[in-house]
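Structural features, examined
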Amino acid sequence: MASIATPTPAPSLESLGGTQQHGALRTAWDFTFRMVLRYIKNSYKDDPFRTFLEACLVGFIVWYITKQKYNIGNNEVVLTEKEIDELVEDWKPEPLVPELTEFERETLDKAVMIDGPNGIKIRLASGNSSKQVLNFASYNFLGFVNNPDLEKHALETLRKYGVGSCGPPGFYGTLDVHMELEKQLAAFIGHSAAILYSQAFTTTLSVIPCFSKRGDIIVADEAVTFSIQQAITLSRSKVYWYKHNDMADLERVLKDVNKQLAGRRGKNALPRKFIITEGLFQNTGDIAPLKDLVELKHRYKFRIILDESLSFGVLGKRGAGLTDHYSIDPHEVDLLIGSLCYAIGASGGFCCADKDLVEHQRLSGLGYCFSASMPSILTVAASDAIQALEIKPDNYLKELRDNTALLRTLLKRVPGLQVDGSSESPVVHIRLTPETLVRMKRSGGAWTKTDIDRVLTELTDEAQKDGVLLTRAMYVDEHERLMPNSSIRICVSSAHSRKEIEKCAHAVKSAVSRVTSKKR
């Protein structure tokens, strides 16, 4: 009997698709496996160490993924309310600032507060508030502080521009008065260009680190002020110090530096090299010998950074600073830093240099890029003060120099008093002579710095009773590289009259007589 053949059913579309997909995956897997196997063989043959490192890396990844994760909840310690209260009672927080010493507390308690505007004559909010005193404690060298003419124009500017720009110069903080003042400063000093900073202290902190970096070299005067010391630290450069205003010691250091660099090779073979000093030293009242500095700069291939914070507006025939004082081309100073808050009586600072160096600061000067620009009212006040000085320099500078010479002459006649600083410096540092201190210490024992500071504070208190405000020079002791000797700092102004200068000298003489006659 013939069998009947059963027809084979045609495969469905779904089964065909699944078979094709499975075949494609298998082909891809085979291809990948062969590629990996070929890579391992070739890499092992060419570089077996690389294969070993990759195997270690794969093993580490597998270990890291599979290891047990740390769970902080498993180690939680549960405390009772009683234990929590006991821990709170025993906890003694560290003070935010160090405890004040007895003398620091005395100094803080005697801090002078002014009632009303600053100026040549002021009223004190403490003590005899009804009595005016002569101000010899402010850097108001030209009398521009509280000047009625400057104040009038400043008020008009306030109504036009408002209080402040509230933004950095590089964004929306630059006004027309800022650009005009920069041009005015560059023209007055005689340099190529100028850049304006909103704060005097941060000007130095911005300019020096902007150009001197890690690996560069700085040779600095050991008596530079605190702001320069901090700027040098921020630069992270290799620092060498020379004795204060000692050009022979400076030349010795420059020779040693160049000798060390002679054997260098590679990218650090030619670092940038700077000499940093002040025009008029705040801590000593001395004036830097710029002519000698310029000569050494050229001889040993260094650049000069000159801080004219105090000398700008004070030294020179026009008051243009140290370059004007020595009749030196300002371009000989590579970076000239100045302040507008001392002689000019406004706020902020500036840097004069070649145009390329100025434009570099607009991108890299931290105090310029990240600080709000100077308020327009202070910008205009600074511009008006410079214009007044430029038009009639003798009205301010001649009086300032005559007053400085008179006060120094009178103070040198006071027995037991030592007067320091340059004869042309309106910053006068006075202190008791070593012989006077020895005579005062009748009970024996050596004088400590705190002892001397306490005596100088007594001198300022006695002078204040006679109607003259003086101040003891104060420093952040633990941050000063070379601690200046204790002194009273007197600031002379062109706005002081001859009688006021004589009154100041008489008050100092009387104070010295009364303090030194006390038994210790």
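Residues numbered from 1 in each chain as written. Predicted model: local features only at pLDDT ≥ 70, side-chain atom pairs only at ≥ 80, totals over all residues. Heavy atoms only, no water.

The sheet built from seven strands is open, its strands ordered E3-E9-E8-E7-E6-E4-E5 with mixed pairing. The open sheet has two edge strands, strand E3 (193-197) and strand E5 (238-242), and neither has a second partner. Adjacent strand axes in the sheet meet at a mean angle of 20 degrees when their direction is disregarded. Here five bridges tie strand E4 (residues 217-221) to E5, and the two strands are oriented parallel to one another. Of the residues in E5, the one forming a bridge with Ile 217 is Lys 238. Sitting on the sheet, helix H7 (residues 176-189) touches E3, strand E8 (335-339) and strand E9 (349-353), and the angle it makes with E3 is about 130 degrees. (Pairing = 2+ DSSP bridges. Helix = DSSP H or I, 4+ residues; strand = E, 2+ residues; numbered from the N terminus. Axes fitted to C-alpha atoms, helices over the stretch in contact; angles between N-to-C directions. Contact = heavy atoms within 4.5 Å.)

This part covers the packing of H7 against helix H15 (residues 376-391). H15 packs onto H7 with a crossing angle of 30 degrees between their chain directions and a minimal axis gap of 10 Å. Between H7 and H15, the angle is such that the two are roughly parallel. As for how H7 packs across H15, the hand of that crossing is left-handed. Between H7 and H15, the residues in contact are Val 177, His 178, Leu 181, Gln 184, Leu 185 and Phe 188 and Ser 376, Thr 379, Val 380, Ala 382, Ser 383, Ile 386, Gln 387, Leu 389 and Glu 390, respectively. The residue inventory of the contact of H7 with H15, partitioned by class, reads eight nonpolar, six polar and one charged. (Parallel < 35°, antiparallel > 145°, perpendicular 65-115°, else oblique. Left-handed = near helix turned anticlockwise from the far one by under 90°. Nonpolar A, V, L, I, M, F, W, Y, C, P; charged D, E, K, R; others polar.)

Turning to the side chain of Ser 373, a few remarks are in order. In this structure, Ser 373 sits in the loop between helix H14 (366-369) and H15. Its relative accessible area of 9% is what places Ser 373 among the buried residues. Engagement of the side chain of Ser 373 in a polar contact is seen with the backbone oxygen of Gly 173, the distance being 2.6 Å. Every residue in contact with Ser 373, bar those within four places of it in the chain, is listed here: Ser 165, Gly 167, Pro 168, Pro 169, Gly 173, His 178 and Ser 198. (Buried < 20%, exposed > 50% of the residue type's maximum accessible area, 1.4 Å probe, protein only. Polar contact = N/O pair within 3.5 Å; in protein donor to acceptor, adjacent residues only side chain to side chain.)

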